[in-house]
Amino acid sequence: MDTGLPSMPTSPIADLVAMSIVSAFTALPAKSKPRLRNNGSYEWVTLAGIALEHDDGKITCVSLGTGVKCLPSSKVPLAKGLVLHDCHAEILALRAFNAFLIEECRLLLTASPEVPEAYVSPYVRLREVSELCCEIPHPFAIREGVKIHMFTSEAPCGDCSMELTILSQPDPTPWAPPPPSPESTLPSTSIPSPLPLLRGRGYFSHLGTLRTKPGRPDSPPSLSKSCSDKLSLKTFLSTLSTPTSYLIAPLAPAYISTLILPHTEYSYTGCARAFGVSGRLTALSEDMGTETVTGLYTFRPFISLTTTPALPSLLPPAFPFSRRYATATSATPTPSNISTVAILPHNLHETLISGVLQGRKAFPPTPLGASRISKLRLWEAARIVAGLVLARQMGGQTVAGELMRWVVRRRRYEELKVPADGNSGDGDAGVGERVRRERWRA
C-alpha cells in the first residue's frame, strides 16, 4: 500500500492489540458472524475493537463491534433514541466502550456500605474530593497509566481511506468537483466551505473533506459523518460520549493512544492528513497547541500503527470475514447486514440487525428492541450512576454532587443537545450547565 514512508510504523503492541480483538470475536457464536449464502457468495464485515493497556503491559480487549450499515436520514427522526443511527464497526466499538465505562462506575458504587471498596476497577476510579473543581467536577476518572488502543480491520471510511480508494479504481482520473448547493451542505453549519459535503467515496480526489456515509451511491443518503471524521473528533472530545462525559473526567487517559490497522489497509498519507497535526487538523493544533487544555477538552492526536507485514512467524490471526478475504474467495462478496456488539469484561454480547436487537422490528421502535449501547440505554445507565453517587453521599455538597443532581434532573436525552447558547432548564448558572455548554462548544 501507499505508506508514504520507507517502512510501515508497526510495533509489537499493534500485533498484541489486533490478536486480542480478533481472538475475542472468534470466540463469539456463529449467529453473530457473516454467513456463506446459498448462492455461494461470502458475506464480509468490518471488525473494530478497543483494548486497554495496563502499566504492566497487559492487554485486555474490553469492547468490539462489527458492522457496515447506517440509518438513512429519513429514518433518524423515527429512531427515538432506541435505534442505532450508525452501525459501522468503529462507532459500535466506541459506544460499547462507553457502556463498559458506565458499568464500571456503577460497580464501584454497588458494594455494601460497610465495605465500600469491595470492587476495585482496574480501569476506573473515584476521584478524591481534593481533585474536584468547577472546571472538572466529574466524580470518576479513567486510571492513570491506562492506554486506549483501537483496532479496525478496514481503513476507516472517509478521508483516511481515500488513497486506498484511488488505488482500487479502474480509472483513477479525478472527477470534476460537484456544484455546491444548499442541500449538500450540513444544515447546522454557517461556516462557508469551498466544497459541498461529499458523500461516501464519490469525488475521491478531493482530500481533507468532510464526508458522509454510506459509501455506495445506490444506498439511501444519510447525514452520518464518516468514521474518519468521527475519529478526528475524538482527538479533541476524547472517547467519552455525551452521557459518559458527565460522569468521567476527560483527562489524558480518556483519549485514544493508538489507532491500529492491518498493514494492507494503511496509507501513511491518508492517516497523517485525516488525524495528524500536520493534516487537516493543523489549524486546531496551531490555535491550541498539542496537549494544551482549553476548558474541559484537550487536543490529543493519536498515532497510527500497522500490524506486522505478512511474515508467517509473526502474522497475527487473520480476520476471515474481511472484505479483502471475501473478495479473494468469492466472485460476488456481499456486505453483511448483521452487526455484533460485545463488552468482554461484563460478558455482554448482542446481535443487531438494522440498529436493533436481532428478532425485533426497527420501526416502529420499542424499548424491548433497544441495544444496551443505544442513546436511551446509555443515558438511563448514566442517570442510575448519578443517583448512586448521590445515594452513597459520595458527591455531598461538592461540585461533583451538584453535577450529579443536574444529571438526575435531566429526564430526556435531548436536554443534553441544547446548543451552547441555549438553556436546558437550569438557567445560566450551575456546574451541569457549564459542563454541557463546554462540550457543545468543543
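Heads up: the structure comes first, above all this text.
One numbering rule holds for all chains: residues counted from 1, following each sequence as written. At least 70 in pLDDT is required for a residue's local features to be given in this predicted model, at least 80 for side-chain atom pairs to be given and counted, and no such filter applies to totals for whole chains, interfaces and linings, which use all residues. Computation of side-chain values covers all heavy atoms of the structure but excludes hydrogens and water.

Colleague: When you look at the overall build of the chain in this model, what are you seeing that I'm missing?
Modeller: Helix and strand content of the chain: eleven helices and 18 strands. The rule is simple: take the accessible area with a 1.4 Å probe, protein chains only, and divide by the maximum for that residue type; under 20% is buried, over 50% is exposed, in between is partly exposed. Looking at the chain as a whole, 52% of its 442 residues qualify as buried. The criterion used for residue contact is that any of the two residues' heavy atoms lie within 4.5 Å. A separation threshold of at least 6 residues defines the contact pool for the chain, and within that pool the share at least 24 residues apart is 66%. A 1.4 Å probe and the Shrake-Rupley method give the accessible areas. Residues count as covered only by the protein chains that appear here. For the chain, the exposed surface amounts to about 19,700 Å²; the carbon and sulfur share of it is 58%. Strands are runs of DSSP state E lasting at least 2 residues, helices are runs of H or I lasting at least 4, and numbering of each runs from the N terminus.

Colleague: Which parts of the structure should I look at to understand the pattern of salt bridges?
Modeller: Pairing between side chains of opposite charge can happen when the charged atoms of each approach one another. Salt bridge, as used here: a side-chain nitrogen of Lys or Arg that lies within 4 Å of a carboxyl oxygen of Asp or Glu. The full count for this structure, using the stated rule, is twelve salt bridges. Between Glu43 and Arg35 there is a salt bridge; the shortest N-O distance is 3.2 Å. Overall, Arg35 belongs to the partly exposed group, its relative accessible area being 42%. Residue Glu433 is joined to Arg437 by a salt bridge in which the shortest nitrogen-to-oxygen separation is 3.8 Å. Here Glu433 pairs with Arg437, and both are found in helix α11 (residues 431-441), just four residues apart, close to one helical turn. Exposure class is identical for Glu433 and Arg437. Each is buried. Linked through salt bridges whose partners overlap, the residues forming this network are Asp86, Lys213 and Lys230.

Colleague: Is there a simple way to explain helix α3 (residues 89-109) in this structure?
Modeller: An α-helix turns once per 3.6 residues; consequently, residues spaced three or four apart project the same way. Helices are assigned an expected span. That span is 1.5 Å times one less than the residue count. The end-to-end C-alpha separation of α3 is 31 Å, in line with the 30 Å expected for 21 residues at 1.5 Å each. Counting buried positions over the 21 residues of α3 gives 18, a clear majority of the element.

Colleague: Please explain the pairing of strand β3 (residues 59-66) as it appears in this structure.
Modeller: Consecutive residues of a regular strand have side chains that alternate between opposite faces of the sheet. In terms of burial, β3 is largely enclosed, as eight of its eight residues are buried. Pairing between strands is defined by DSSP: at least two bridges between the two strands are required. Two strands pair when backbone bridges link them, and strand β2 (residues 47-53) and β3 are joined in this way by seven bridges, in the antiparallel orientation. Bridged to Leu47 within β3 is Thr66. With antiparallel pairing between neighbouring strands as the criterion, β2 and β3 make up a hairpin whose turn holds five residues, including Gly57 at a positive phi of roughly 90°. By the bridge criterion, four bridges tie β3 to strand β16 (residues 338-343) in an arrangement that is antiparallel. When the bridges of β16 are listed, Thr66 appears paired with Thr340.

Colleague: Is there a simple way to think about helix α1 (residues 12-26) in this case?
Modeller: Taking 1.5 Å of rise per residue, 15 residues should cover 21 Å, and α1 covers 21 Å from first to last C-alpha, within 8% of that figure. Listed in full, the buried residues belonging to α1 are Ile13, Ala14, Asp15, Val17, Ala18, Ser20, Ile21, Val22, Ala24 and Phe25.

Colleague: Looking at this model, I keep getting lost on the sheet that holds β16. Mind explaining?
Modeller: Pairing between the strands of a sheet comes from backbone hydrogen bonds, and it takes one of two forms, parallel or antiparallel. One open sheet holds the eight strands; their spatial order is β14-β11-β8-β2-β3-β16-β17-β18, and the pairing between them is mixed. Each edge of the open sheet is held by one strand with a lone partner, namely β14 (303-306) and β18 (356-357). Fitting a line to C-alpha atoms yields each axis, with helices limited to the stretch in contact; the angle taken between N-to-C directions then spans 0 to 180 degrees. Against the sheet, α1 touches β2, β3, β8 (147-152), β11 (256-261) and β14, its axis set at about 55° to β3.

Colleague: Mind showing me how you'd approach the packing of aromatic side chains here?
Modeller: We describe a pair of aromatic rings using the distance from one ring centre to the other and the angle between the two ring planes. Aromatic pairs are defined between Phe, Tyr and Trp rings, using the six-membered ring for Trp, whenever the two ring centres lie within 6.5 Å; interplanar angles under 30 degrees are classed as stacked, those over 60 as edge-to-face, and all others as tilted. Considering all chains together, one arrives at eight aromatic pairs under this definition. Within the aromatic cluster, the residues linked to one another by ring pairs are Phe25, Phe319 and Phe321. One cation-aromatic arrangement involves Lys75 over Phe363; the distance from NZ or CZ to the ring centre is 5.0 Å. Remark: a charge is flagged as sitting over a ring if the NZ atom of Lys or the CZ atom of Arg is within 6 Å of the ring centre and within 35 degrees of the ring normal.

Colleague: Please clarify how the nonpolar core should be interpreted in this entry.
Modeller: Ranked by size, the top nonpolar core spans 70 residues in total, and within it Leu52 and Phe140 carry the most contacts. Looking at which element gives the most residues to this core, the answer is α3, with 13 residues. Ile13, Val22, Trp44 and Val45 belong to the second largest nonpolar core, which has 24 residues in total. Joining through side-chain atoms within 4.5 Å is the link that ties buried Ala, Val, Leu, Ile, Met, Phe, Trp, Tyr and Cys residues into a set, and such a set is a nonpolar core.

Colleague: What exactly am I supposed to notice about the packing of α3 against helix α9 (residues 375-391) here?
Modeller: The relative placement of two packed helices comes down to the angle between their axes together with the axis-to-axis distance. Relative to each other, α3 and α9 sit at 20°, their axes nearing to 9 Å. The angle between α3 and α9 places the two elements in the roughly parallel class. Classified by chirality, the crossing of α9 by α3 is left-handed. Contacts from Arg95, Asn98, Ala99, Ile102, Cys105, Arg106 and Leu109 of α3 reach α9 at Lys375, Leu378, Ala381, Ala382, Val385, Leu388 and Val389. By the convention adopted, Pro, Cys, Tyr, Trp, Phe, Met, Ile, Leu, Val and Ala count as nonpolar, Lys, Arg, Asp and Glu as charged, and the other residues, Gly among them, as polar. Among the residues forming the contact of α3 with α9, the class breakdown is ten nonpolar, one polar and three charged. Roughly parallel here means an angle under 35 degrees, roughly antiparallel means over 145, roughly perpendicular means 65 to 115, and every remaining angle is called oblique. In a left-handed crossing the near helix is turned counterclockwise from the far helix by less than a right angle, and in a right-handed crossing that turn is clockwise.

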